[in-house]
Amino acid sequence: MKSWLVPVEKLQPGDRIAMYALLNNHFQGVTWEGFQADLQQKNWVLLLREEITNTLKGFSTLMLRQTNFAGERISVVYSGDTIVDPSAWSSTTLPRTWIAAVNYLRQYYGNNKLYWLLISSGFRTYRFLPTFWQEFYPRYNVATPPDVTNLIAHLATEYYGDSYQRATGIVRFPHPQILREGLIEIPTGRQTNPHIKFFTEKNPGYSLGDELVCLTEICYENLTHAGQRMWQSESLLEFFQDKGVVSAEC
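Residues numbered from 1 in each chain as written. Predicted model: local features only at pLDDT ≥ 70, side-chain atom pairs only at ≥ 80, totals over all residues. Heavy atoms only, no water.

K.L.:
Could you give me a rundown of the state of the cysteines, with the residues and numbers involved?
P.N.:
Inspection of every chain in the model, using the stated rule, returns zero disulfides. In this structure Cys214 is not part of a disulfide, and its nearest cysteine sulfur, from Cys219, lies 17 Å away. Assessed through its relative accessible area of 1%, Cys214 is described here as buried. Judged by its relative accessible area of 17%, Cys219 is buried. (Disulfide = S-S within 2.5 Å. Buried < 20%, exposed > 50% of the residue type's maximum accessible area, 1.4 Å probe, protein only.)

K.L.:
Before we move on, can you summarise the pattern of salt bridges with the specific residues and values?
P.N.:
For side chains of opposite charge, pairing can occur when their charged atoms come near one another. Counting across every chain of the model gives four salt bridges. Among the salt bridges present, the one from Asp38 reaches Lys42, with a minimum N-O distance of 3.1 Å. Owing to a relative accessible area of 6%, Lys42 belongs among the buried residues under this scheme. Here Lys197 ties to Glu201 by a salt bridge, and the two come within 2.7 Å at their closest N and O atoms. Residue Lys197 and its partner Glu201 are both found in helix α6 (residues 194-202); the two are separated by four residues, about one turn of the helix. Overall, the relative accessible area of 40% leaves Lys197 in the partly exposed class. Residue class for Glu201 comes out exposed when judged on its relative accessible area of 51%. (Salt bridge = Lys/Arg side-chain N within 4 Å of Asp/Glu carboxyl O. Helix = DSSP H or I, 4+ residues; strand = E, 2+ residues; numbered from the N terminus.)

Below, the structure is given as structure tokens:
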């Protein structure tokens, strides 16, 4: 597959329609108005396309912003709608190009620490964390440190407002998007995986669209061996800029 990193304001109408159709095929509760509203809260979109047909196979929306916490200026990536069609699940394009995209974008945010605030209503999304990151929270085998708990609460309250419940660490939207049948179920034999088991216990309402708030620091030292391979791998990611399209090997 090929991938493109596009500013939200540069998205073509056809891109928006294809993104909405892909999301609606995999989630219940998706509306055009809600999709557009969420998109307007983001500033970048990663598009994944089948190389020959140019068919949209996946996308991830991102908001990069800066904020202050405990007297320190920090940068934060907030993940929005993210979906990959099951026909492309065997591809590593999403994690490889997502990491490449964040590496590219971090140049705009100086030397601040960069965090990823992820909300997850599906175990596959949560599994992205232990696969590619060494330290992340919450997790099954390490208690979340108090300072990290406070940072998560600060960021989630700042971005999600009253939809965030600090006591449970859950974001509950008034009109949630719920994975469709065939995607929400945990395959037989995987229920005992400690990360998946923890996710379902920590977020018992995941099947109703509840989102577990998670946090990790984005830096090379925090990557697993698999994550470091993604970081170092050559991935031709094309960036849409004001002056046109720039290709870069990341």
